[in-house]
Amino acid sequence: MSHTVLIVNEATLQKMKDHYGVPAKLPAGAVFAAKVDGCSVTGYRSGKVLFQGKEAQTESAKWEGQAAASKPKKASPPSGQLPAGFANMSVAGSDEVGTGDFFGPITVVAAYVEADRIPELAALGVRDSKDMKDPEIVSVAKKLLRTIPYSLLVLRNEKYNDLQESGMSQGKIKAILHNQALGKLQDKMAPEKPEAVLVDQFAEKSIYYRHLKGQKRIIEENVFFSTKGESIHLAVAAASILARYAFLKEMDTLSEKAGFTIPKGAGPKVDEAAARLIRTYDESVLRHFTKLHFANTEKARRIVRGL
Ligand code: MG
């Protein structure tokens, strides 16, 4: 008796199940089984489909094209391994700002830099924002806003605190924001597509995608992860500058509301500023101004109590 085996992906397996149907009794590990003219067909959860009988070849041939067409995508290379010439490719990059700052939101930007615009952006002054002072960031960002496609997300403190208190880790919050920003950017750019996506890495690739489980749309085509992404492609440098610019504007707004300059970071100045807010208004305003779960909240309380 001849037999043929096909390996299919989940979608094809489901299609075949719909086609052949499920009998009252299934062999162990099987998801469907049927007898057709001169052939019995059994599909297993693993994606293996077994055709047995003199018509095995003929019957399996009906699915061969589909099985081949829907083979699982090639796995992307592990993070850290970028294609040769990456710096000169057309890339969508993403970066975030504000995750370590007690005051202010998290801002995430995804930005697209086409290969042939790299020299123009370098001339605009786009480079690693860690080496740039705020006034330079503001001036370069203002030019960038008019120059390249980008998508900005601002997660303000109330929402951040809600998510954090619901049990969401900061890593998960960041992953969701990067993924959303990249999705929005791709919508803006469509039908044009980046050659590659570079996420300024804050988590291992496997963890990043674990955080995204359950999201309606997950960007995973040609996505690469690298720490110090700003120095690897100008798209991440541009995203970083725009995210910092958005963060600075939000901090200006918070300073206006507070009536004094709100400091960045998470050091002693920040504790003093939070204490000042508590004294001037009420502790409840911290929910609007800060990431409440930081240790700074307790430090500010102690300052107010004179401890
Ligand atoms: Mg970063």
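Heads up: the structure comes first, above all this text.
The numbering scheme is per chain: residues are counted from 1 as the chain's sequence reads. pLDDT decides what is reported in this predicted model: residues at 70 or higher carry local features, side-chain atom pairs at 80 or more are listed and counted, and totals for whole chains, interfaces and linings draw on all residues regardless. Heavy atoms from the whole structure form the basis of all side-chain values; hydrogens and water molecules are not counted.

A. Representation of the packing of helix H9 (residues 268-280) against helix H11 (residues 296-304) in the model. Orientation is described by lines fitted to C-alpha atoms, with helices fitted over the stretch in contact, and by angles between N-to-C directions that extend from 0 to 180 degrees. Every helix listed is a DSSP run of H or I at least four residues long, and every strand listed is a run of E at least two residues long, numbered separately from the N terminus. In the contact formed by H9 and H11, the axes pass within 8 Å of each other and the chain directions differ by 60°. Taken together, H9 and H11 sit at an angle that is classed as oblique. By crossing handedness, the relation of H9 to H11 is classed as right-handed. Taking contact as the criterion, the partners of Val270, Asp271, Glu272, Ala274, Ala275, Ile278 and Arg279 in H9 are, on H11, Asn296, Lys299, Ala300, Arg301, Ile303 and Val304. By definition in this entry, angles of less than 35 degrees are roughly parallel, angles greater than 145 are roughly antiparallel, angles of 65 to 115 are roughly perpendicular, and the rest are oblique. Note on convention: the crossing is left-handed when the near helix lies turned anticlockwise from the far helix by less than a right angle, right-handed when the turn is clockwise. Note on definitions: a residue-residue contact is assigned when non-hydrogen atoms from the two residues lie within 4.5 Å.

B. A look at the coordination of the magnesium ion. The donor set comprises N, O and S atoms within 2.8 Å of the metal, extended to 3.2 Å for Na, K and Ca; water molecules are omitted, so apparent gaps in a site may simply reflect that omission. For the magnesium ion, the protein coordination sphere consists of Asp95 (OD) and Asp200 (OD), at 2.1 Å. Residue Asp95 is found in strand E5 (residues 91-97), and its partner Asp200 is found in strand E8 (residues 196-200); the two are separated by 105 residues along the sequence. Neither residue differs from the other here; Asp95 and Asp200 are each classed as buried. Exposure categories follow from relative accessible area, calculated using a 1.4 Å probe and restricted to protein chains: below 20% of the type maximum is buried, above 50% is exposed, and the middle band is partly exposed.

C. Just the packing of helix H4 (residues 134-145) against helix H8 (residues 234-258), in detail. It is at 9 Å that the axes of H4 and H8 come closest, and there the two elements cross at 110°. Classified by the angle between their axes, H4 and H8 sit roughly perpendicular to one another. For the pair H4 and H8, the crossing hand works out as left-handed. Contacts between H4 and H8 involve Asp134, Ile137, Val138, Val140, Ala141, Lys142, Leu144 and Leu145 on the former and, on the latter, Ala238, Ile241, Leu242, Arg244, Tyr245 and Leu248. Charged means Asp, Glu, Lys or Arg here, nonpolar means Ala, Val, Leu, Ile, Met, Phe, Trp, Tyr, Cys or Pro, and polar covers whatever is left, Gly included. When its residues are assigned to classes, the contact of H4 with H8 shows 11 nonpolar, no polar and 3 charged.

D. Spotlight on the sheet that holds E8. When DSSP locates at least two bridges between a pair of strands, those strands are taken to pair. Sheet architecture is open: 5 strands sit in the order E7-E6-E5-E8-E9, paired in mixed fashion. Two strands in the sheet have a free side with no partner beyond their single neighbour: strand E7 (150-155) and strand E9 (223-226). Across the sheet, the mean angle from the axis of one strand to that of its neighbour is 15°, orientation sign disregarded. Examined bridge by bridge, strand E6 (residues 106-113) and E7 share 6 bridges and lie antiparallel to one another. Bridge pairing in E7 places Thr107 opposite Val154. Helix-sheet contacts for helix H6 (residues 170-189) involve E5, E6, E7 and E8, and the interaxial angle to E7 is about 150°. Along the sheet, H8 makes contact with E5, E6, E7 and E8, crossing E5 at roughly 35°.

E. Quick look at the pattern of salt bridges. For salt bridges, the criterion is a side-chain nitrogen of Lys or Arg within 4 Å of an Asp or Glu carboxyl oxygen. This model, assessed by the stated rule, comprises 13 salt bridges. The residue Glu250 makes a salt bridge to Arg156 at a minimum N-O spacing of 2.8 Å. Pair noted here: Glu250 is in helix H8 and Arg156 is in the loop between E7 and helix H5 (157-165), with a separation of 94 residues, a long-range link.

F. Representation of the pairing of E6. Across the 8 residues that make up E6, a large majority, 8, are buried. Residues of E6 alternate between two faces, with Ile106, Val108, Ala110 and Tyr112 on one and Thr107, Val109, Ala111 and Val113 on the opposite face, all of them buried. Across 7 bridges, the pairing between E5 and E6 is antiparallel. When the sheet's bridge partners are listed, Glu96 is paired in E6 with Val108.

In short, geometric facts, not functional conclusions.
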